[in-house]
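Coordinate inspection notes
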Amino acid sequence: MENFNSASLHTIDYDRLNELYDGDNEQIASLFELFLDEVFPDFQEIEREIDQQNWADVAKTAHKMLPWVGMVGLTALEGKLRSIEAQAKTDRNPEEIKLAWSQFELGLDKATPLIREELARLTS
């Protein structure tokens with residue numbers, strides 16, 4: 001099995017992927033596909049909840065999404081999402097949460113094409 005090189009793309013944590021899946025490219029490809037098709041659309045739900053300042057649901061949805069972000073190697077984004085969850089539970093400062101969300105969303109927008117490229121590479 002081919003192992004990922006952690007230096008090749010810095011927004012995907014290849015060390016984490018190797019640790020979780022022991023170089024099982026089929027499993028990684030399957031999770032990438034599931035993330036893109038089933039999980040990715042759910043991030044719009046968090047944005048709606050933030051806009052509505054529904055903090056309990058923001059925290060709940062962020063918590064639900066956390067494992068997925070980690071399972072596809074987006075560890076930097078995992079920390080940002082964890083912060084959003086914590087802020088929604090305690091601070092509830094709309095400006096800070098919106099700023100954290102926009103930073104998360106920017107990172108996700110940069111990471112998504114990389115995940116698609118990796119999925120194409122793994123399944124070709």
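The text that follows walks through the structure, step by step, so that each part is easy to find. (Residues numbered from 1 in each chain as written. Predicted model: local features only at pLDDT ≥ 70, side-chain atom pairs only at ≥ 80, totals over all residues. Heavy atoms only, no water.)

**Some points on the packing of helix H4 (residues 55-71) against helix H5 (residues 75-89)**
- Two elements in contact, H4 and H5, have axes separated by 8 Å at closest approach and are oriented at 160°. Comparing their axes, H5 and H4 come out roughly antiparallel. For H4 against H5, the interelement crossing comes out left-handed. Contacts between H4 and H5 pair Trp55, Val58, Ala59, Ala62, His63, Met65, Leu66, Val69 and Gly70 from the former with Leu77, Glu78, Leu81, Arg82, Ile84, Glu85, Ala88 and Lys89 from the latter.
- Tallied by class, the residues present in the contact of H4 with H5 amount to 11 nonpolar, two polar and four charged. (Axes fitted to C-alpha atoms, helices over the stretch in contact; angles between N-to-C directions. Helix = DSSP H or I, 4+ residues; strand = E, 2+ residues; numbered from the N terminus. Parallel < 35°, antiparallel > 145°, perpendicular 65-115°, else oblique. Left-handed = near helix turned anticlockwise from the far one by under 90°. Contact = heavy atoms within 4.5 Å. Nonpolar A, V, L, I, M, F, W, Y, C, P; charged D, E, K, R; others polar.)

**Remarks on the pattern of salt bridges**
- Taken as a whole, this structure holds five salt bridges when the rule is applied.
- Linking Glu78 and Arg82 is a salt bridge whose minimum nitrogen-to-oxygen distance equals 3.6 Å. Residue Glu78 and its partner Arg82 are located together in helix H5, separated by four residues, close to a single helical turn.
- Take Glu78: its relative accessible area is 12%, and that puts it in the buried class. (Salt bridge = Lys/Arg side-chain N within 4 Å of Asp/Glu carboxyl O. Buried < 20%, exposed > 50% of the residue type's maximum accessible area, 1.4 Å probe, protein only.)

**Re the packing of aromatic side chains**
- In this structure the tally under the stated criterion is four aromatic pairs.
- On the basis of an interplanar angle of 65° and a centroid distance of 6.3 Å, the ring pair of Phe40 and Phe43 is categorised as edge-to-face.
- Assessed through its relative accessible area of 24%, Phe40 is described here as partly exposed.
- The class for Phe43 is buried, based on a relative accessible area of 4%. (Phe/Tyr/Trp six-rings, centres within 6.5 Å; stacked < 30°, edge-to-face > 60°.)

**Some thoughts on the side chain of Thr61**
- Within the fold, Thr61 resides in helix H4.
- Its relative accessible area of 2% is what places Thr61 among the buried residues.
- There is a polar contact of 2.9 Å between the side chain of Thr61 and the side chain of Glu49.
- Residues in contact with Thr61, not counting those within four places in the same chain, are Glu45, Ile46 and Glu49. (Polar contact = N/O pair within 3.5 Å; in protein donor to acceptor, adjacent residues only side chain to side chain.)

**Side note on the side chain of Glu49**
- Summarising the element assignment, Glu49 is placed in helix H3 (residues 43-51).
- Among buried Asp, Glu, Lys and Arg side chains, Glu49 stands out as unpaired, with Lys60 the closest opposite charge at 6.7 Å.
- Excluding anything up to four places from it in sequence, Glu49 contacts Asn54, Asp57, Val58 and Thr61. (Lys, Arg positive; Asp, Glu negative; His and termini not counted.)

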